Amino acid sequence: MSPLPEERRVRSTTTTTTTTATTTTTGTTTGTGPPPGRPTATSRSPTGTSRPATSPAGGSCRRPGSSVWRSARRWPARPGPPRPPRAGGSGGAASYTWLNGDHHVHTQYSSDGLYTVRQQVEQARRNGVDWMVVTDHGSATHARLGVDLVNPDIRAARTAHRDVLVFQGLEWNIPAAEHGTVFVVPSSEEVAVLREFEQQFDGSLGNTTEDRAVAGIRWLGQQMTNRRTPNALFLANHPARNGIDSPHELRAWRDADPRVAIGMEGAPGHQAAGIPAPEGPGEARGYYGNSPRPDSFPGYPLESYRTFGGFDWMTAKVGGVWDSLLAEGRPWWITANSDSHSVYRDQLVRPAGADSSEWFTANGRYGDPVDGGVPQVGRGDFFPGHYSRTWVGAASRDYGAVMDGLRAGRAFVVHGDLVDALEVSVRGAGGGDAPATLGEQLRVGPGENVHVQVRITPRRRPNAHGDLPVLRRVDLISGPITGPVADRDTQTAPETAVVESFEVRGNGQVVVNHVFRRVDRPFYLRLRGTDGNFSAPGSIEPRQDPDGNSDPWTDLWFYSNPVFVTVG
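Quick notes on the rules
Residues numbered from 1 in each chain as written. Predicted model: local features only at pLDDT ≥ 70, side-chain atom pairs only at ≥ 80, totals over all residues. Heavy atoms only, no water. Helix = DSSP H or I, 4+ residues; strand = E, 2+ residues; numbered from the N terminus. Buried < 20%, exposed > 50% of the residue type's maximum accessible area, 1.4 Å probe, protein only. Contact = heavy atoms within 4.5 Å. Areas by Shrake-Rupley, 256 points an atom, 1.4 Å probe, with all protein chains shown as cover. Core = buried A, V, L, I, M, F, W, Y, C linked by side-chain atoms within 4.5 Å. Salt bridge = Lys/Arg side-chain N within 4 Å of Asp/Glu carboxyl O. Phe/Tyr/Trp six-rings, centres within 6.5 Å; stacked < 30°, edge-to-face > 60°. Lys NZ or Arg CZ within 6 Å of the ring centre and 35° of its normal. Polar contact = N/O pair within 3.5 Å; in protein donor to acceptor, adjacent residues only side chain to side chain. Expected span 1.5 Å × (residues − 1). pLDDT = per-residue confidence, 0-100. Axes fitted to C-alpha atoms, helices over the stretch in contact; angles between N-to-C directions. Left-handed = near helix turned anticlockwise from the far one by under 90°. Nonpolar A, V, L, I, M, F, W, Y, C, P; charged D, E, K, R; others polar.

*Asks:* Can you help me understand the overall build of the protein chain in this one?
*Replies:* Along its length, the protein chain carries nine helices and 26 strands. Here the protein chain holds 568 residues, and the buried ones make up 61% of them. In the protein chain, 81% of the contacts between residues at least 6 apart in sequence involve partners at least 24 apart. With the model as given, the accessible surface of the protein chain reaches about 19,600 Å², and the carbon-plus-sulfur share is 50%.

What follows is the structure, given as structure tokens:
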């Protein structure tokens, strides 16, 4: 298993034994209540019950615009910490340029695609997207024609829209598994590397066993080692949709080359698919309307084939598959994308005479779309950036920096522009080096306090649907790092839980503070937030999206990647 991500070393100085949490808001206030128009954040238990709390000394402990102190959970010491992490990193979230993007976009060079590259890039740009990856489906036709033919269109789009970073990639038919995004940094070898990868390792071309997926990831790593391409990444797409990405495969991909295999879609595309008919497709959100098939992993429950608040079950289930990987100390990150093929209510259609599968096979593409004159309400997709965004902390605004930020896990994902910014800072009480942020690691001494501060900038203008989304709750999720598992099909992390929930009132910047006291065991933490419109019955967990009746604009969430904390 690869080492943990970047670490921050601080000194141990504290000896108290309680864990506490507070929330605050920005602005100078007097007294115990927030000023008018400022948000407040009320501490809630994981069961959803709001209640007052006391300070560690037992008395009232309010701050201006703040909730009060409450105890949170703490784990007993346990032997067997994970491997020491790789040192390095920089000075927290504020030191990065945060760029939003989408690594799963299709064009007319996909057998089920529609739009030209330029049309997808222009729509992405209109939606404020900073970077995107063109990922046409791997296939015999794409390997023979499409991977070469699409490149001039991508290079033209790069020239026409220099403010959007346009990567060339492909959607890999992972041998014995689902689909995945593979992309490389622009270079003179980008087409050749992608073509050779597809021809040797695509599942549509005779590669049908799990070892071929591992071999493909290793091959991409070799191209980096040999300096044929400076950068290559792979992420699993819609991993729970058909139940064929087993837990042991996720672990095998990461272990094959951690520089390349970095994560999965936490939320799939096709988010418009659940809009009820006749206004929309009336299907399952994300087209997650499936059931087990012969090649599905038998350990997955039936609920895993559905989305929860628009998110894949592997991500949405607290203590589930994603948490089982994080609990090993395994860096495995999430993203959110459009999977844009043909867009809900758009009027463009394929042109007559250049719209058949025969035409596509012969030419490697469909003809440029034309206006059909009628909004297509049966389509389940949005354009890039219209609904889903993956925000990445990049050292600079360039291709390599975006890929490095993704690889580092320095990212959070959001639907419907629920929030405009998320800044996470985790530090030890001893001070010293800069705090850790998303994807990084903080190292503290035994018994030391760990301070978490989260700054959230809510949406300040209407989103693409014309709504002004309102953040209503933030959940802090945490669990111990227990080390590598013996059973590589492990899919649970039973000690991971919502440590604290914070209700948000108002529409200004929200600041949440939490203190883990006397830490004596390695752990990780991550965040999610919601507009609070829907949840599972009697719970604060996201609800299972009803088939055919899941308007995505009424159920918005954000999720962050984790921060790891080790003790030693």
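*Asks:* Looking at this model, I keep getting lost on the nonpolar core. Mind explaining?
*Replies:* What tends to happen in soluble globular proteins is that the nonpolar side chains get buried as a cluster. Counting residues in each nonpolar core, the largest one holds 70 residues, and the members touching the most others are Trp 131, Trp 172, Phe 234 and Trp 253. The element best represented in this core is helix α4 (residues 210-225), accounting for six residues. Ignoring any residue separated from it by four or fewer positions in sequence, one finds Trp 253 in contact with Ile 174, Ala 177, Ala 213, Ile 217, Phe 234, Ala 236, Asp 245 and Ala 261. The next biggest cluster of nonpolar side chains, apart from the first, holds 40 residues, and it includes Trp 391, Val 426, Val 474 and Val 510.

*Asks:* Whenever I open this one, the pattern of salt bridges confuses me. Can you help?
*Replies:* Two side chains with opposite charge may pair up if their charged atoms get near one another. Taken as a whole and judged by the stated rule, the model has 29 salt bridges. For Glu 495, the salt bridge identified is with Arg 521, shortest N-O distance 3.2 Å. Here Arg 521 lies in the loop between β23 (510-519) and β24 (523-530) and Glu 495 lies in the loop between β21 (473-480) and β22 (497-505), a separation of 26 residues in the sequence. On the basis of relative accessible area, Glu 495 is assigned to the partly exposed category, the value being 22%. A single network of salt bridges, built from pairs that share partners, joins Arg 251, Asp 255, Glu 328, Arg 330 and Arg 488.

*Asks:* What am I meant to see in the packing of aromatic side chains here?
*Replies:* Aromatic ring pairs are described here by two measures, namely the spacing of the ring centres and the angle between the planes. All chains considered together, the criterion is met by 22 aromatic pairs. An aromatic cluster is present here, built from Trp 172, Phe 197, Phe 201, Trp 219, Phe 234 and Trp 253 joined pairwise through their rings. The ring of Tyr 366 has Arg 350 sitting right over it, with the charged end atom 3.8 Å from the ring centre. The side chain of Arg 543 reaches across the aromatic face of Phe 534, ending 3.8 Å from its centre.

*Asks:* Which parts of the structure should I look at to understand the side chain of His 106?
*Replies:* Looking at the element boundaries, His 106 is found in the loop between β5 (97-105) and α1 (117-126). When its relative accessible area of 0% is taken as the criterion, His 106 is described as buried. Side-chain polar atoms of His 106 contact the side chain of Ser 110, separated by 2.9 Å. Within polar-contact distance, the side chain of His 106 engages the backbone oxygen of Thr 135 at 3.1 Å. When sequence neighbours within four positions are dropped, the list of residues in contact with His 106 reads Gln 120, Thr 135, Asp 136, His 137, Glu 171, Asp 339, Ser 340 and His 341.

*Asks:* What should I look at first to understand unusual backbone geometry in this one?
*Replies:* Trans peptide bonds make up most of the peptide bonds, and negative phi angles are found at most residues other than glycine. In this structure, Pro 278 follows Ala 277 across a cis peptide bond, with omega equal to 5 degrees. Along the chain, Pro 278 turns up in the loop between β10 (261-267) and β11 (307-308). Unlike most non-glycine residues, His 238 shows phi in positive territory, near 30 degrees. With relative accessibility at 2%, the residue His 238 sits in the buried group. The phi dihedral of His 270 falls on the positive side, at around 55 degrees, and the residue is not glycine. With a relative accessible area of 8%, His 270 lands in the buried category.

*Asks:* Looking at this model, I keep getting lost on helix α5 (residues 247-256). Mind explaining?
*Replies:* Each α-helix winds once per 3.6 residues, and so residues spaced three or four apart point in a common direction. Extensive coverage of α5 is indicated by the burial of seven of its 10 residues. Of the residues making up α5, those classed as buried are Pro 247, Glu 249, Leu 250, Arg 251, Trp 253, Arg 254 and Ala 256. Lining the buried residues of α5 we find α4, β9 (232-236), β10, α6 (313-316) and α7 (321-326).

*Asks:* Looking at this structure, I do not really get the side chain of Arg 241. What am I missing?
*Replies:* The topology assignment puts Arg 241 in the loop between β9 and α5. Polar contacts involving the side chain of Arg 241 include one to the side chain of Glu 178, which spans 3.1 Å. In contact with Arg 241, not counting residues within four places along its chain, are Glu 178, His 179, Tyr 287, Tyr 288, Asn 290, Tyr 305 and Asp 312.

*Asks:* Mind showing me how you'd approach α4 here?
*Replies:* Its 16 residues give α4 an end-to-end C-alpha distance of 23 Å, which sits within 8% of 22 Å, the value for a rise of 1.5 Å per residue. Among all positions in α4, only Ala 213, Val 214, Gly 216, Ile 217, Trp 219, Leu 220, Gly 221, Gln 223 and Met 224 are buried. Directly after α4, the chain includes Arg 227, whose backbone phi takes a positive value near 65 degrees.

*Asks:* Quick question: what am I supposed to make of the confidence of the model for the protein chain here?
*Replies:* Atomic detail in the predicted coordinates should be set aside for any region of low pLDDT. Predicted confidence across the protein chain gives a mean pLDDT of 86, with 83% of residues reaching 70 or more. In the predicted structure, residues 1-90 sits below a pLDDT of 50 and forms 271 contacts with residues beyond four places in sequence or in another chain.

*Asks:* I keep staring at the packing of α1 against helix α2 (residues 140-160) and nothing clicks. Help me out?
*Replies:* The N-to-C vectors of α1 and α2 enclose an angle of 35 degrees; their axes lie 9 Å apart at closest approach. Crossing handedness for the pair α1 and α2: right-handed. Between α1, through Val 117, Arg 118 and Val 121, and α2, the contact on the second element is made entirely by Val 150, Asp 153, Ile 154, Ala 157 and Ala 160. Looking at side-chain class alone, the contact of α1 with α2 contains six nonpolar, no polar and two charged residues.

*Asks:* Looking at this model, I keep getting lost on the environment of Phe 183. Mind explaining?
*Replies:* The topology assignment puts Phe 183 in strand β8 (residues 179-184). Relative accessible area serves as the criterion here: at 0%, Phe 183 is assigned to the buried category. Setting aside residues up to four positions removed in sequence, Phe 183 forms contacts with Val 133, Phe 167, Gln 168, Gly 169, Asn 231, Ala 232, Leu 233, Leu 235, Met 403 and Leu 406.

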